[in-house]
Every structure is written in C-alpha cells, then in structure tokens.
Amino acid sequence: FKERYLGTAVAKEIYKIKKVGTIAGCAVTKGVMKDDSLFRLYRNNIQIHEGKISSLKHYQNDVKEVKAGMECGIGFKDFNDIRIDDIIEAFEMYEIERKL
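About the cut-offs
- Residues numbered from 1 in each chain as written.
- Predicted model: local features only at pLDDT ≥ 70, side-chain atom pairs only at ≥ 80, totals over all residues.
- Heavy atoms only, no water.
- Helix = DSSP H or I, 4+ residues; strand = E, 2+ residues; numbered from the N terminus.
- Contact = heavy atoms within 4.5 Å.
- Core = buried A, V, L, I, M, F, W, Y, C linked by side-chain atoms within 4.5 Å.
- Buried < 20%, exposed > 50% of the residue type's maximum accessible area, 1.4 Å probe, protein only.
- Pairing = 2+ DSSP bridges.

Draft legend 1. The arrangement of the side chain of Thr-22 in detail. Looking at the secondary structure, you find Thr-22 in strand β2 (residues 21-34). Those residues in contact with Thr-22, other than ones at most four positions away along the chain, are Ile-14, Tyr-15, Lys-16, Ile-74, Gly-75, Phe-76, Asn-80 and Ile-82.

Draft legend 2. A look at the nonpolar core. Grouped together as the largest cluster of nonpolar side chains are 19 residues, with contacts concentrated most on Cys-26, Met-33, Cys-72, Ile-74, Phe-76, Ile-82 and Ile-88. Elements with a minimum of two residues in this core: β1 (2-17), β2, β3 (38-43), β4 (46-58), β7 (71-76) and β8 (87-94). In terms of residues, this core owes the most to one element, β2, which gives 4 residues. Excluding residues within four positions of it along the chain, Ile-74 makes contact with Thr-22, Ile-23, Ala-24, Cys-26, Met-33, Ile-53, Ser-55 and Leu-56.

Draft legend 3. Structural view of the pairing of β3. Bridging between β3 and β4 involves 6 bridges; their strand directions are antiparallel. Counted as the bridge partner of Tyr-42 is Gln-47 from β4. What sits between the antiparallel neighbours β3 and β4 is a turn of 2 residues, in which Asn-44 has the positive phi angle 55°. Two strands pair when backbone bridges link them, and β3 and β8 are joined in this way by 5 bridges, in the antiparallel orientation.

Okay, structure coming up:
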C-alpha cells in the first residue's frame, strides 16, 4: 500500500453536538478534503491522532469533497478531542501491484 496526500485544513471553531460528538469548523488551506479519506491530527506540530473522517459538510449539506479556500465541518470517527488551530491532514491509501 502507498499513501497519497490530499489536503490540509485548520480548525477555526469547535461545535459539540449531542448524539453526534465534536465537529470541527475548518478552513481548507491546501488541496482537497474528501469524506471517505483518512486523516492525521496535528497539535503544535505533534501528531495527536490518526483515523477516519466520518462526515464532511459544507454549511448544512453533506458533500463528497471540499476544495482549498472553502470552509467545511468535519466529524471524526471515534475521536472528540479537537481544539482550535489544530491541523488536519487528509490522505488516502491505495494499493500498488506487485512486480516480478
């Protein structure tokens, strides 16, 4: 498997929603954020968590991807400890064929 970088977002606001968890209001700074991608969370340049994005919204609408320069809401699967100014880096894993 190989990793492909997708994009970076910065958490600008944090929302706590009952029965859902914590949602980060983010601004996408580089690349693109996809709803089915994996993510790494950095705080003070130290990796805090690695996991999967559970939801991606642009205003109230569920979207497949959000491009650089736009704002979005990101929900994380099994993770709620996010703070303002945390950096979210999205990536995806893809399989490479073996060569003989």
